[in-house]
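Results of the structural survey
What follows is the residue order along each chain.
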Amino acid sequence: MSRQLVLVGGGHAHVQVIRALAEHPEPDLAVTLVTDRLLTPYSGMLPGHIAGFYSHSEMHIDLGRLARVAGVSLVDSAANGIDRVNRHVRTKDGSLIPYDILSLNIGITPDLSGITGAGQHGIAVKPISTFLERLDALLADAARPDGPRRIVLVGGGAAGIELALALKARLGNLETAGRPFWIAIATGNGLVPTLNLGVRRHVRHALARHGVTVLDSFRVVEITADGIRAEDGRSVEAEAVLLSTAAKAPEWLGETGLATTTGGFLSIAPTLASIGDPAIFAVGDCATMISDPMPKAGVFAVRQGAALTGNIRRALRGEPLKPHGPDPDFLTILMTGDGSAIAGRGAWLAVEGRWVWRWKDWIDRRFMRRFSDFRL
């Protein structure tokens, strides 16, 4: 093989690239996947997994199997550097992986610097793989009669809403007389502020219906072993605190010399190529499109998959790259944990019902089958 495509990270966009290039290969191209996580979680199924609707295997893509079926070389190690002059990716085990075209889809890490004690007493939702390990321990503790009963989620975005409702559904079966679970959301900027008014109303009603407390205008500045404290001095007791707030890119990206934004995210053009180095693409949460920055959400990485594949092919062929425009009126579906869901889009669409959950379940399962059932 005369040309080398290296994919760093097995995120939502890269698994699509792997399948597409296996189905319709590029001449003289070898593909290498670099990752130390052989099971990659699908973020869209995380709340359903917590609520008990999906098993661990149902919400994970087996990257080892996918690589074998697709004829992709797998390097089981995390990347920690790029030599852009000699075009090598460096890994933690000391390997140097040569590339002609490089793509990064490595996600984000929690940014806990703004909350005192968050690193010691909080449980960050990202990265999901680490979060699931700590969540399993929390659920095991909660199953004990004397286990934790007061749980707070920090962050009023879509992720925080779904996780609060999922935990309420999961833990409701463990409640004992006189020791009910108390679950709250602490938000400093309202609930799902980027979504339309109708969705926000549905979310408020769903949280009230399921007994989830909303701590409004509660900007958390400190987490202790006993609870949380707000900027205005208010404090709330809590035995477990989950954080779905600020995040940053992996620190080693800042050492590559590539252009970055606040938080260390790689700056990319509408073509998904990095600013200043057209041989390097970046997608998903680790990147920010300078001309059209969007929230960090898995839906955008999923939609970048086809565009990334197309531009990798064009780069290999020496053709002009095509821009990818993220849809500002993207569809959002929020699981409520009771077999129902809330859907919203743009400035007006806001619906709720069991049929919405069935629709979301169908969408998510169809996406996962593209990789779990993939055969050449």
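Throughout what follows, the structure given in this document is the object of discussion. This one's a predicted model, so the numbers in the text were calculated from it and none came from an experiment. Residue numbers restart at each chain and count upward from 1, following the sequence in its written direction. For a predicted model such as this one, the threshold for reporting local features is a pLDDT of at least 70, and the threshold for listing and counting side-chain atom pairs is 80 or more; totals across whole chains, interfaces and linings nevertheless cover every residue. Excluded from the side-chain calculations are hydrogens and water; all other atoms, namely the structure's heavy atoms, are used.

What counts as a helix is a DSSP run of H or I of at least four residues, what counts as a strand is a run of E of at least two, and both are numbered from the N terminus. In terms of helices and strands, the protein chain carries 9 helices and 26 strands. Radius of gyration: over C-alpha atoms. The globule rule applied is 2.2 Å multiplied by the number of residues raised to the 0.38 power. Its C-alpha radius of gyration of 21 Å places the protein chain within 12% of the 21 Å reference for a compact globule of 376 residues. Each principal axis of the C-alpha distribution contributes one length, and for the protein chain these read about 70 × 40 × 40 Å. Whether a residue is buried, partly exposed or exposed follows from its accessible area with a 1.4 Å probe, protein chains only, as a fraction of its type maximum: under 20%, in between, or over 50%, in that order. Each of the 376 residues in the protein chain was classed as buried or not, and the buried ones make up 51%. Long-range pairs, those at least 24 residues apart, make up 65% of the contacts in the protein chain with a sequence separation of at least 6. Here the protein chain displays about 16,500 Å² of accessible surface, and carbon together with sulfur accounts for 52% of that area. Charge counting treats Lys and Arg as positive and Asp and Glu as negative, with His and both chain ends excluded. Where a charge lies is defined by one atom per residue type: Lys uses NZ, Arg uses CZ, Asp uses CG and Glu uses CD. The average position of the 40 basic charges and that of the 37 acidic charges among the side chains of the protein chain differ by 5 Å. The contact definition used throughout considers only heavy atoms, calling two residues in contact when any of these lie within 4.5 Å. Using a 1.4 Å probe, the Shrake-Rupley method yields the accessible areas, and only the shown protein chains count as cover for residues.

The pairing criterion is simple: DSSP has to find at least two bridges between the two strands. As summarised here, the arrangement of the 5 strands in space is 11-18-12-13-14, forming an open sheet in which the pairing is parallel. Either end of the sheet is taken by a strand with one partner, and the two such strands are strand 11 (122–124) and strand 14 (213–215). For this sheet the average axis-to-axis angle between neighbouring strands, irrespective of direction, equals 25°. Both strand 11 and strand 18 (residues 240–243) contribute to a ladder of 3 bridges, which runs parallel. When the bridges of strand 18 are listed, alanine 124 appears paired with leucine 243. Only the contacting stretch of a helix is used when fitting its axis, a line to C-alpha atoms as for every element, and angles between N-to-C directions run 0 to 180 degrees. Lying on the sheet, helix 5 (residues 128–142) is in contact with strand 11, strand 12 (150–154) and strand 18; it crosses strand 11 at an angle near 135°.

Bringing the sheet that holds strand 6 (residues 79–83) into the picture now. One open sheet holds the 3 strands; their spatial order is 6-7-8, and the pairing between them is antiparallel. In this open sheet, the two edge strands, each paired with only one partner strand, are strand 6 and strand 8 (96–98). The average angle at which neighbouring strand axes cross in this sheet is 25°, direction not considered. Pairing between strand 7 (residues 88–91) and strand 8: 3 bridges, direction antiparallel. Note on strand 8: the bridge partner recorded for histidine 88 is proline 98.

The linkage connecting lysine 126 with the following residue, proline 127, adopts the cis geometry, with an omega of -5°. Within the secondary structure, proline 127 sits in the loop between strand 11 and helix 5. Positive phi outside glycine occurs at aspartate 28, with the angle close to 55°. Residue position: aspartate 28 is located in the loop between helix 1 (12–23) and strand 2 (29–34). Looking at aspartate 28, the relative accessible area reads 48%, which means it is partly exposed.

With that out of the way, let us pick up the environment of glycine 119. Relative to the helices and strands, glycine 119 is located in helix 4 (residues 118–121). Between the C-alpha atoms of glycine 119 and isoleucine 223, which are 104 residues apart in sequence, the distance is 8.9 Å.

In terms of burial, strand 25 (residues 341–345) is a largely internal element, 4 of the 5 residues being buried. Two elements, strand 24 (residues 332–335) and strand 25, share 4 bridges in a ladder whose sense is antiparallel. Paired with leucine 334 across the bridge in strand 25 is isoleucine 342. In this structure, the hairpin formed by strand 24 and strand 25 is closed by a connection of 5 residues, where glycine 337 is found at a positive phi of approximately 85°.

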